[in-house]
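An overview of the molecular structure
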Amino acid sequence: MYRMIQLESLIPETLPGVALFIKHGDNHVLYKDPKLSFTQGDKERLLDNNVKHLFVKAAEMSTYNQYVEANLPLLLGDDSIEPELKQNMLYQASVNYVQEIFDSPAIAIKQNVDRCRNLIKHILKDVMNSNGVMPALSSLVDHNAYTYVHSVQVATYSISLHIKEFDLGRDELMDVGMGSLFHDYGKVYVPKELLDKPGKLSPSEFLEVKKHPVYGYSTLRDLKIFTPVALGIVKHHHEKENGSGYPDGLSSYDIARSSKITAIADVFSALTTNRSYRQALSKESALEIMYGEMDGSFDLQYLNTFKETLH
């Protein structure tokens, strides 16, 4: 199994010992042996041939992810790199890391909590300094498994809406970022065939999928590294204003504002991302559903603000 990486995220002469592959049709062909250096000439030749992505074996992704995370400050501070490309690199790195964490035992989160927080710090800085993140987040859709892309999108949208709606300190925004990044962590305990089922779920199958907020909340609570705000997001991001949500059937004032906002980010991301059972909707179509068919699900003040942030 291979994972895609962005060519622009590679700094010549610094790459750690991982093999790099190029995709030809359905095959992955070795481009660089892990014992050989990746030079500026290599990078320029690949770019001249319109190669924008390389591939790394899944077993070596942890090494590659740590390399990218260590070099992110340098990459994001490089004025020679276009702002849009920096965003793409940041969010692609975030998705790759989320995939690594979700595919590992839960204890890996506790062992790598500082790495989680550093990624949230980079996302937070980008949201605060950028005019918009939609293009960068949308560019992730075609290249990664849904759950990991979705987690990064929801965290970014949620942070953005919190900044727009409230005057929060950095620590509070970090809590929001951590909670929204891991809001769907409980899905690692749901059978994959249910999550990827192309047709409609049966009542019993849907009941199993609906357990994921409690699965995630229980697991992350037991790690004792997540704050009540973050854990509340994980448990209550499927609650609805009219009380028809789950797992606790909370309504209106009983739902924490951070959970209400993450619920909006969650549904918008889900609707605008390709799924196994349907194509992604435009942002206009997604908002039409959220205001129409899903009337009563969301806090209208927050939904209206979110709509404004998308323009």
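That block above? That's the structure.
So, a few notes on the structure that sits alongside this text. What you are looking at is a predicted structure, and each value in this text was computed from that prediction instead of being measured.

**Side note on the nonpolar core**
Ranked by internal contacts, the top residues of the largest apolar core, which has 76 residues, are Leu10, Leu20, Leu54, Phe182, Leu220 and Met290. Looking at this core element by element, the count peaks at nine residues for helix H3 (residues 83-102). Leave out the neighbours within four places in its chain, and phenylalanine 182 touches Ile101, Phe102, Ile109, Cys116, Leu220, Phe226 and Val234.

**Quick notes on the side chain of serine 180**
With respect to the helices, strands and loops of the structure, serine 180 is situated in helix H8 (residues 170-181). The class of serine 180 is buried, set by a relative accessible area of 0%. Here glycine 177 takes part through its backbone oxygen, which lies 3.3 Å from a polar atom of the side chain of serine 180. Sequence-distant contacts of serine 180, defined by excluding residues within four places in its chain, comprise Ser151, Val154, Ala155, Ser158, Ile233 and Thr262.

**Focus on the environment of glutamate 172**
Within the secondary structure, glutamate 172 is located in helix H8. With relative accessibility at 39%, the residue glutamate 172 sits in the partly exposed group. Spatially, the C-alpha atoms of glutamate 172 and valine 229 are 8.4 Å apart, while their sequence positions differ by 57 residues. Engagement of the side chain of glutamate 172 in a polar contact is seen with the backbone nitrogen of glycine 169, the distance being 3.1 Å.

**Thoughts on H3**
End to end, H3 covers 29 Å across 20 residues, agreeing with the expected 28 Å (1.5 Å per residue, within 8%). In terms of burial, H3 is largely enclosed, as 17 of its 20 residues are buried.

**What to know about the side chain of aspartate 42**
Tracing the chain through its elements places aspartate 42 in helix H1 (residues 40-48). The exposure class of aspartate 42 is buried, given its relative accessible area of 13%. Here the side chain of aspartate 42 touches tyrosine 31 through a polar contact of 3.3 Å, side chain to side chain. Side-chain polar atoms of aspartate 42 contact the side chain of arginine 45, separated by 2.8 Å.

**Digging into the environment of isoleucine 22**
In this fold, isoleucine 22 is placed in strand E2 (residues 20-24). For isoleucine 22, a relative accessible area of 14% puts it in the buried group. Here the alpha-carbon distance between isoleucine 22 and phenylalanine 102, two residues 80 residues apart in the chain, equals 26 Å. Not counting the four nearest positions on each side in its chain, isoleucine 22 is found in contact with Asn27, His28, Val29, Tyr31, Leu46 and Leu54.

**Digging into the packing of H3 against helix H5 (residues 113-129)**
Close contact between H3 and H5 brings their axes to 11 Å; oriented N to C, the two are set at 155°. As far as their axial angle goes, H5 and H3 are roughly antiparallel. Here H3 and H5 pass one another in a crossing that is left-handed. Of the residues in H5, those touching H3 at Gln87, Leu90, Tyr91, Ser94, Tyr97 and Glu100 are Arg115, Cys116, Leu119, His122, Ile123, Asp126 and Val127. Looking at the contact of H3 with H5, its residues break down into seven nonpolar, three polar and three charged.

**Details of the packing of aromatic side chains**
In total, this model carries 14 aromatic pairs according to the counting rule given. An aromatic cluster of three or more residues is present, and its members are Phe102, Tyr148, Phe182, Tyr185, Tyr189, Tyr215 and Phe226. One residue, lysine 235, lies across the ring of tyrosine 217, its end atom 4.8 Å from the ring centre. The cationic tip of arginine 257 hangs over the ring face of phenylalanine 166; the distance from NZ or CZ to the ring centre is 4.1 Å.

**Some thoughts on the pairing of E2**
Pairing between E2 and strand E3 (residues 27-32): five bridges, direction antiparallel. Within E3, the residue paired with phenylalanine 21 across the bridge is leucine 30. Linking E2 to E3, which pair antiparallel, is a turn of two residues; within it glycine 25 sits at a positive phi near 65°.

**With respect to the pattern of salt bridges**
Side-chain pairs of opposite charge can arise whenever the charged atoms involved come near each other. Scanning all chains against the criterion turns up 12 salt bridges. Aspartate 42 is the salt-bridge partner of arginine 45, the closest N and O atoms lying 2.8 Å from each other. With a gap of three residues between them, arginine 45 and aspartate 42 both fall in helix H1, about one helical turn apart. Of the charged contacts, one joins aspartate 248 and lysine 235 as a salt bridge, the two residues approaching to 3.8 Å between their closest N and O atoms. One end of the pair, aspartate 248, is in the loop between helix H12 (228-236) and helix H13 (257-271); the other, lysine 235, is in helix H12, with 13 residues separating them in the sequence.

What counts as what
- Residues numbered from 1 in each chain as written.
- Predicted model: local features only at pLDDT ≥ 70, side-chain atom pairs only at ≥ 80, totals over all residues.
- Heavy atoms only, no water.
- Core = buried A, V, L, I, M, F, W, Y, C linked by side-chain atoms within 4.5 Å.
- Buried < 20%, exposed > 50% of the residue type's maximum accessible area, 1.4 Å probe, protein only.
- Helix = DSSP H or I, 4+ residues; strand = E, 2+ residues; numbered from the N terminus.
- Contact = heavy atoms within 4.5 Å.
- Polar contact = N/O pair within 3.5 Å; in protein donor to acceptor, adjacent residues only side chain to side chain.
- Expected span 1.5 Å × (residues − 1).
- Axes fitted to C-alpha atoms, helices over the stretch in contact; angles between N-to-C directions.
- Parallel < 35°, antiparallel > 145°, perpendicular 65-115°, else oblique.
- Left-handed = near helix turned anticlockwise from the far one by under 90°.
- Nonpolar A, V, L, I, M, F, W, Y, C, P; charged D, E, K, R; others polar.
- Phe/Tyr/Trp six-rings, centres within 6.5 Å; stacked < 30°, edge-to-face > 60°.
- Lys NZ or Arg CZ within 6 Å of the ring centre and 35° of its normal.
- Pairing = 2+ DSSP bridges.
- Salt bridge = Lys/Arg side-chain N within 4 Å of Asp/Glu carboxyl O.

By themselves, these are just geometric observations and shouldn't be taken as functional.
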